[in-house]
Every structure is written in structure tokens, then in C-alpha cells.
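# A structural walkthrough
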Amino acid sequence: MMNASGKKWAFIAAIVLSFVLAQFQGEINPYFLQIIIYVGINTILASSLNLINGFTGQFSLGHAGFMSLGAYTASMITITFQATPGATSSYVMFPVALLVGGIVAAVAGVLVGIPSLRLKGDYLAITTLGLGEIIRVIIQNLDFVGGARGLVGIPKLSDFFWVFSVVAIVIFMISNMIHSTYGKGFLAVRDDEVAAQAMGINTTKYKVIAFVIGAFFAGVAGGLYAHFVSYITPSQFGFIKSIEIVVMVIVGGMGNTVGVILAAIVLTILPEALRGVAEYRMVLYSLMLVVIMISRPQGLFGTGFKRFFKKQAA
Amino acid sequence: MSQLLQQIINGVSLGSIYALIALGYTMVYGVLRFINFAHGDVFMVGAFVGYYAAPRIAPLVGGNLFLVGPIVLLLSMIVCSTLGVTLEKLAYKPLRFRPKITILITAIGISLFLEFGGQLVFGPDPKSFPTLIPSTTLIDTPNLILTSTPVIVIATAVVLMLLLRFIVMRTKIGTAMRALSFNQQAASLMGININTVISFTFIVGSSLAAAGGILYGSLYPSINPLMGVFPGLKAFISAVLGGIGNIPGAALGGLIIGLLETFVTGYLSPTFRDAISFGILILILLFRPSGLLGRYEAEKV
């Protein structure tokens, strides 16, 4: 593990590198650039879900809902202000839009986090799934964001620099957090909630914080995604999208940041490489979930998370 | 007034199907304490068995609907029981003593596998379900049309539920099931074969889901491999609403959800029909997590 100042330098280096590399993005084949951008967005989504599902042990199936909130909010902001003179500079307007999108998603994260205080496991999973669906139905019925037809004409502002800066921020923040007091709190809630509570840990606080931060970055990722594809519909952020992110976290190993990032990369590139057998993708994903759970519940990469998966009394 | 009556008929017939599926959720939960997410997809498979079996069986019995219907129903129940038991043995049994979250993820995986495997095998396009229930108009007034389909759907569901009640309350294996849901360890010490009882639970639950699939196909004759997702979730919500693990509760919950959904579709807007059930789920989990008929279970440390 890197020490704190090493991490800080790695973080700064990553931002600078993404800025430098972004200068050459015109040179790359647009198809490859698209895959690289998707890798970045999926890394943000998977790492942020990992904070909720992996480190805090709260199984959420509604990540795509947070993503859609961020996507729609950020898009509405940039669409509204792109005509306004003075605000056209994408270096001012875009981060603000992403930030607001993230905040809206984080507020929804609080709303989801509150029921999670009383729910566990299966119930929480299905409630978050339900909230994700409710968000989708509400957006579908909002006419000013295009309803079921979708939102068009989103300025194409996302590029290599923005996506990978956020990737660097997410990884930096989460890896720092995990080794802080907060991180120990998350892990304690995951390993044994009752024992954590008995030790005086405010489990409520940690669960809500995990949801808020996870939702915030999902919202930012949504904003980045919307400003890359420039056309979004509510159905893009359905249950299947949430499942895709969950699969990344599980394949990578819940609570294993490096593993999850690797899984996000592999699982974004793999379907592109296997285009010929695209219809088998979800079948493959689902089988992967079952086989991994039965044979290697700690994920394909790394060995972390052992304690949680040790045989527990039923 | 008669519009209300029409809605009630629609709601009760939809609700009785939800109730049939919900019973499977609630029984598996009662015995194994986990939510079998794949249950809704077993329901879908049940409908597809009907779709493929009906045209092949009809010529054998001379197209007599009174024979075709029950035979197809039985066949579908047998196929789905086999499927349910196989899933249990392959996927859930190895995980029985692992943390809940692994079983949950596995169940989601199985569910997706059936959905997308179904898309590969059956094709993703909707198919029209064959007529299995003789449809004659019983009442035909300008405001109220009552055909025999919902009547037979409701009657079949009620008969199956009474049969289930008989099995659970009056037979030896039913008693064993109740013992298992009360205390698994003590039940096994009393000489109850846990594996047999769990397999039996999956047989009963899956065959009820299969029956639900056939009835659903008869009521809404367009079926596709993803048709199990929402009825499955709503049946699950019904089970939670009634009190999960509680058999009469599942029936009651199914009825309530079916009626509410029909009313929302009829009087508000069809787009909210999926959101309303999730709203109910969240409310019930927040204010009465043990459900309407369930009992509160304290967490032991």
C-alpha cells in the first residue's frame, strides 16, 4: 500500500497525465476512444458502488437510478446555459453541472440511505431496486425532460480529461477514506453491524455516508455519460444497468478497489471484443454471478474480503 | 358503479395470480429464510410450457378445452417443479450455510440467467398465448362485460390455494414444513429430513408459479421471456405486504396489490402502475416490516 503522500502525488500525476493525454484524443480511432471513455465511466460507477456494496456491506441494486438523476440534472443545466453568453466556457459550466448532478443524486442517496437503516440484505436490495424503478417512472412522466422519448441535444462536453480526472478523484478519495476512521467504520458495519453498534459506532451515520458518497459519484458518472452520448432516455438507466455495475463489483471482489477497477475495465472491453455473440452477454454475466458466488465469493481478483465470507452460523 | 365492478373483477383475477406466485416466495422464505428472486422467472417458464404444449396436446384429446386446459396446467406444473428443484440443488444448496448476501446474488444471477437464456431459447419477441380457458360471455351489459376467463382464473387459483392449505396444515410433509420454518435445527433433531422438505417446498412453490404462468397467459395472452420480472417483483411485494413466511398473508397481499394496481391503471394513469407497488413496498418496510399478518421476529445476537 502506498503511503498518504505517495497517494497524493499519484493523484496529481493522474490528473496531469489525463490532461496531457486528452490533448491527443483526436488522434485515436473514435471507436477506441469511446471504449476508453466507457471504461472510465464504468470505473467510476463500479468504485462508487463498491463503497456501498463492498465496504459497507449494504446491497444496493439501484445505482443506475442515481446515475440517471445525475445525467438528467447535469444535462438540463448545460442545455439551459449553453445559449447564455459568458457561461459557454465548458471549463466552468461543465464541472458545475456535474457537481450539481452529483449533489441531486446524493440527496436521493440520503433518501435511500434512510430506509437502509431499518432494512437488511434482501429487503434493502429489493427496496433500492424499487427506488431505482420509481426514479425511472418519474423521469418517464416528466415532460420537460423529454419523458419516455428521452433528452436530446446534450452538448458533447465529456472527454478523456474530464472522465479520467473524475476516475482519479474517486479512486483517490475512496482509497484514502478506507484507511481513515471512516473506512474502519464502514468495514465494522459490514463485518458485524450489531457488534459495531455495541462498540459505540454510529452505524446509521456510516450507512448514510456510504450511500451519499456512492450516489454522488454515480450522479457524476451519469453526467459524464450523458455529455458523451448526447442523447439519453430513462430506459438506458434501468435495472439491467444496475445489474451490470453490480456484476463488476462482484467479479472484482466486493471491497477490493483494485479488483473492481480491473473488473470494470475487463467487463467493458469484453462485450466489445465479443460483439459477434452479443446476445450471449447477459447469459454469460448471469452465469458468472452464480459460478463466482458458489466457487469464489471473494471475486476473481485478489484475496480480500475473506472475513465476511467465512462460514457464518445460519 | 359498474365500472367499479369491472375493475374489481380485473383486480381480483390479477391479484389471485399474484397470490399464487407470492405463495412460492413466502414458502421458500419460511423454510430457508431467503428470497428466491428466480421465482418470477419460473412463472415465465410455466407460461412458455403452456405455449409450446397446448398446440401439441390439443389434437390428442380432440381439441376439447376442458381436457386441454387441465393437462397443460399439470404438465407445466411438473416441468416447473423439476426446474425449481434443479435450481435449488445446483445453485442454492451449496450456499446454504454461507452468508445471506451470496445466496441473494446467486438468486439474482439465476433469475437473469432464466430471463436471458429464455430470450435465446424462446426468442425475444412476444408470443400469443393459446386459448386454454373456454371464453364465453356470461354478462353483457353496456357497462359491464364478464367473460368466463377471469371467473375460471379466480376459481383455479382458489382451488390451488385451498389445496396448498390442506397440504400445509393436514399432511405429514406439511407439518414438517411448518416445523422447519419454526426452527430448522430442532426440526432436524426430531428426525425430519431437511433436504426432502426443502425440495418439496420448491416443488410446491414452483408448481404454483407454473399455474400462475398459465393463468396469466390466459388472462393477458401475450408472453415473452421477460414477462416474469414485474409479476415476480409484485408477487414478492405481495408476500412482504402480507407478512413474508405467512401463507394466508401472501394470498391477502396478492389480492391487495392486484386490486390497487388495477385501480391505479383504471383511474389514474397506467404509467404509475409499476411505481405504486414499489411505493407500497417501501411504506410497508418502513412502518410495518413484519407485514399485515406477520409476526415480529427479534434479532438474536
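Residues numbered from 1 in each chain as written. Chains lettered and ligands numbered in written order. Predicted model: local features only at pLDDT ≥ 70, side-chain atom pairs only at ≥ 80, totals over all residues.

## Digging into the overall build of chain A
For chain A, the helix and strand inventory stands at 13 helices and two strands. Computed over C-alpha atoms, the radius of gyration of chain A comes to 19 Å, within 12% of the 20 Å expected from 2.2 N^0.38 for 314 residues, which places it in the range of a compact globule. The dimensions of chain A, computed from C-alpha atoms along their principal axes, are 60 × 45 × 40 Å. Considering only contacts in chain A between residues 6 or more positions apart, those separated by 24 or more positions represent 83%. (Helix = DSSP H or I, 4+ residues; strand = E, 2+ residues; numbered from the N terminus. Rg over C-alpha atoms; globule rule 2.2 N^0.38 Å. Contact = placed C-beta atoms within 7 Å.)

## Concerning the nonpolar core
Core analysis: the largest hydrophobic core is formed by 194 residues, its most contacted members being Ala221(A), Leu224(A), Met248(A), Ala19(B), Leu20(B), Leu23(B) and Ala47(B). For this core, the element with the highest residue contribution is helix 9 (residues 203-229) of chain A, accounting for 16 residues. If near-sequence neighbours (up to four positions away) are discounted, Leu224(A) is found in contact with Ile41(A), Leu98(A), Ser158(A), Trp162(A), Val163(A) and Val166(A). (Core = buried A, V, L, I, M, F, W, Y, C linked by C-beta atoms within 7 Å. Buried ≥ 20, exposed ≤ 12 C-beta atoms within 10 Å, placed from the backbone.)

## Details of the confidence of the model for chain B
In this model, chain B carries a mean pLDDT of 89, and residues with pLDDT of at least 70 account for 97%. Prediction confidence for the complex, expressed as pTM and ipTM, is 0.84 and 0.82 respectively. (pLDDT = per-residue confidence, 0-100.)

## Let's talk about helix 9 (residues 229-242) of chain B
When the terminal C-alpha atoms of helix 9 of chain B are compared, their 20 Å separation across 14 residues agrees well with the 20 Å that a helix rising 1.5 Å per residue should span. Of all 14 residues in helix 9 of chain B, 12 are buried, a share of seventy percent or more. Buried residues of helix 9 of chain B: Pro231(B), Gly232(B), Leu233(B), Lys234(B), Ala235(B), Phe236(B), Ile237(B), Ser238(B), Ala239(B), Val240(B), Leu241(B) and Gly242(B), and no others. Along its buried surface, helix 9 of chain B packs onto helix 5 (121-140) of chain A together with helix 1 (2-32), helix 2 (39-57), helix 8 (194-219), helix 10 (247-268) and helix 11 (273-287) of chain B. (Expected span 1.5 Å × (residues − 1).)

## Considering the confidence of the model for chain A
The predicted model of chain A has a mean per-residue pLDDT of 84, with 91% of residues at 70 or higher. The model gives residues 304-314 of chain A a pLDDT under 50, and that stretch makes 21 contacts with residues more than four places away or in other chains.

## With respect to the packing of helix 5 of chain A against helix 4 (residues 100-122) of chain B
In a pair of packed helices, the angle between the axes and the distance between the axes together describe the arrangement. Interaxial distance between helix 5 of chain A and helix 4 of chain B falls to 9 Å at its minimum, and their mutual angle equals 40°. Regarding the angle of helix 5 of chain A to helix 4 of chain B, the classification is oblique. Of the residues in helix 4 of chain B, those in contact with Gly121(A), Asp122(A) and Ala125(A) of helix 5 of chain A are Lys100(B), Ile101(B) and Leu104(B). For the contact of helix 5 of chain A with helix 4 of chain B, a count of residues per class yields three nonpolar, one polar and two charged. (Axes fitted to C-alpha atoms, helices over the stretch in contact; angles between N-to-C directions. Parallel < 35°, antiparallel > 145°, perpendicular 65-115°, else oblique. Nonpolar A, V, L, I, M, F, W, Y, C, P; charged D, E, K, R; others polar.)

## Here we look at the interface of chain A and chain B
The interface of chain A with chain B comprises 35 residues on the first partner and 34 residues on the second. Where the side of chain A that touches chain B is concerned, the elements lending two or more residues are helix 5, helix 10 (239-252), helix 12 (281-295) and helix 13 (306-309) of chain A. Considering every element that reaches the side of chain A that touches chain B, the biggest residue donor is helix 5 of chain A, with 11 residues.

## A closer look at unusual backbone geometry
Here Ser230(A), not a glycine, exhibits a phi torsion of approximately 60°, which is positive. For Ser230(A), the location among the structural elements is in the loop between helix 9 and strand 2 (231-232). Its 15 C-beta neighbours within 10 Å are what place Ser230(A) among the partly exposed residues. A positive phi is found at Arg33(B), a non-glycine position, where the angle reads about 60°.

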